[in-house]
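# Tertiary structure, described
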Amino acid sequence: MRHLILAAALALSACQEEEAKAPPAPVELTEVALSYFCQMNVSEHGGPKGQIHLDGFPAPLFFAQVRDLAAYVKSPERDAEITAIYVSDMGAAPSWAHPGTMNWIDAKGAHFVVGSNVAGGMGAPEVVPFAAPEDAARFTERYGGTVAGFEAIPDDAVMGPVDLDRQLETPS
């Protein structure tokens, strides 16, 4: 009987630990969300968006460009441990100008178009996320680039200097 009670206690403890480790859910993008780096209103800029949840912080950090989100993740300087990363699914976005407020996907499972000829919300070359690989492939056919997972996004695609003379498109 004691073994049964001990086993039940251990199982309950494991369940509680698993629950504690569950990542926070994405937060709806509202008109008051400010971009982490520039403190500009996120919803005033087109293109995909991102949010990062940090351990111990009640609200996520929002990013007006996924490029900036990836740069934050690759940077060694952070305020706390990252508990979740979400990006806009541009395959489900109403349009480039209106990327959606709740079509978030886990960045670790997304398919990113890197090196395309499109500008993100802040005018820099964008890293464009999709939930479905076929949506990412269609995007590359039209705008160029290659498809990569989150961990495979090259540092120079998100952390390097921006060529302001490069002509970039704004998808329709």
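A short tour of the structure in this document, coming up.

Rules used throughout
Sequence order sets the numbering: in each chain, residues are counted from 1 along the sequence as written. Local features in this predicted model are restricted to residues of pLDDT 70 or higher, and side-chain atom pairs are both shown and tallied only at a pLDDT of 80 or more, whereas totals for entire chains, interfaces and linings draw on every residue. Derived side-chain values reflect all non-hydrogen atoms in the structure, with water molecules and hydrogen atoms excluded from consideration. Only protein atoms enter the 1 Å grid used here, on which a cavity is any set of points holding a 1.4 Å probe that cannot leave and a pocket is any open set flanked by protein within 12 Å on both sides along at least five of seven lines; residues with an atom within 4 Å of a point are listed as lining. Grid points are joined across faces, edges and corners, and a volume is the space filled by probe spheres set on the points. Only DSSP runs of H or I reaching four residues or more are called helices, and only runs of E reaching two or more are called strands; each is numbered from the N terminus. Following the grouping adopted for this structure description, the nonpolar residues are Ala, Val, Leu, Ile, Met, Phe, Trp, Tyr, Cys and Pro, the charged ones are Asp, Glu, Lys and Arg, and the polar ones are all others, Gly among them. Note on pairing: DSSP must find at least two bridges between two strands before they are called paired. Helix axes are fitted to C-alpha atoms over the stretch in contact, other axes to C-alpha atoms as well, and angles between N-to-C directions run from 0 to 180 degrees. Any two residues whose heavy atoms approach within 4.5 Å at even a single point are treated as in contact. Take a side-chain nitrogen of Lys or Arg and a carboxyl oxygen of Asp or Glu: if they are within 4 Å of each other, that pair is a salt bridge. Burial classes follow relative accessibility: with a 1.4 Å probe on protein chains only, a residue under 20% of its type's maximum area counts as buried, one over 50% as exposed, and anything between as partly exposed. The pairing test for Phe, Tyr and Trp rings, Trp by its six-membered ring, is centres within 6.5 Å, and the orientation test on the planes gives stacked under 30 degrees, edge-to-face over 60, and tilted for anything in between.

There is about 250 Å³ of room inside the largest pocket. If you go around the largest pocket, you meet 13 residues; those closest to its centre are M90, F130, F139, Y143 and S172. For the lining of the largest pocket, the secondary structure elements donating two or more residues are β6 (128–130) and α3 (133–143). At five residues, α3 tops the list of elements feeding residues into the lining of the largest pocket. The residue inventory of the lining of the largest pocket, partitioned by class, reads eight nonpolar, two polar and three charged.

A separate point is the sheet that holds strand β4 (residues 104–106). Within the open sheet, the four strands sit side by side as β2-β1-β3-β4. Their pairing is antiparallel. Either end of the sheet is taken by a strand with one partner, and the two such strands are β2 (61–63) and β4. Averaged over all neighbouring strand pairs, the angle between strand axes comes to 25 degrees, with direction disregarded. As paired elements, strand β3 (residues 82–88) and β4 share three bridges and run antiparallel to each other. Directly across from S88, in β4, lies its bridge partner W104.

Moving on, we come to the sheet that holds strand β7 (residues 146–148). Taken in spatial order, the three strands make up an open sheet running β6-β5-β7, and their pairing is antiparallel. Unpaired on one side and paired on the other, β6 and β7 mark the two borders of the sheet. Direction aside, the axes of adjacent strands within the sheet are offset by 30 degrees on average. Of the strand pairs in this sheet, strand β5 (residues 111–114) and β6 are connected by three bridges, and their pairing is antiparallel. By the bridge assignment for β6, V113 is matched with V128. Sitting on the sheet, α3 touches β5, β6 and β7, and the angle it makes with β5 is about 10 degrees.

Applying the stated rule across the entire model yields two salt bridges. Between D155 and K74 there is a salt bridge; the shortest N-O distance is 3.1 Å. Of this pair, D155 sits in helix α4 (residues 155–158) while K74 sits in helix α2 (residues 66–74), and the two are 81 residues apart along the sequence. With its nearest N and O atoms 2.3 Å apart, the salt bridge here joins D135 to R138. Of this pair, D135 and R138 both sit in helix α3, separated by three residues, roughly a single helical turn. The exposure class assigned to R138 is partly exposed, which follows from its relative accessible area of 48%.

Turning our eyes to something else, we now look at the packing of aromatic side chains. For the structure shown, the criterion picks out 11 aromatic pairs. Relative to Y72, the ring of F37 has its centre 6.4 Å away and its plane inclined at 55 degrees; by these criteria the two rings are tilted. Residue F37 is located in the loop between α1 (2–21) and β1 (50–54), and its partner Y72 is located in helix α2; the two are separated by 35 residues in the primary sequence. Ring geometry for F130 versus F139: centroids 5.4 Å apart, planes at 50 degrees, classification tilted. Side by side, F130 and F139 carry an identical accessibility label, which is buried.

In this section: unusual backbone geometry. Within the chain, Q39 stands out as a residue other than glycine whose phi angle is a positive 60 degrees. As for its position among the elements, Q39 is in the loop between α1 and β1. Exposure remark for Q39: the relative accessible area of 48% places this residue in the partly exposed category.

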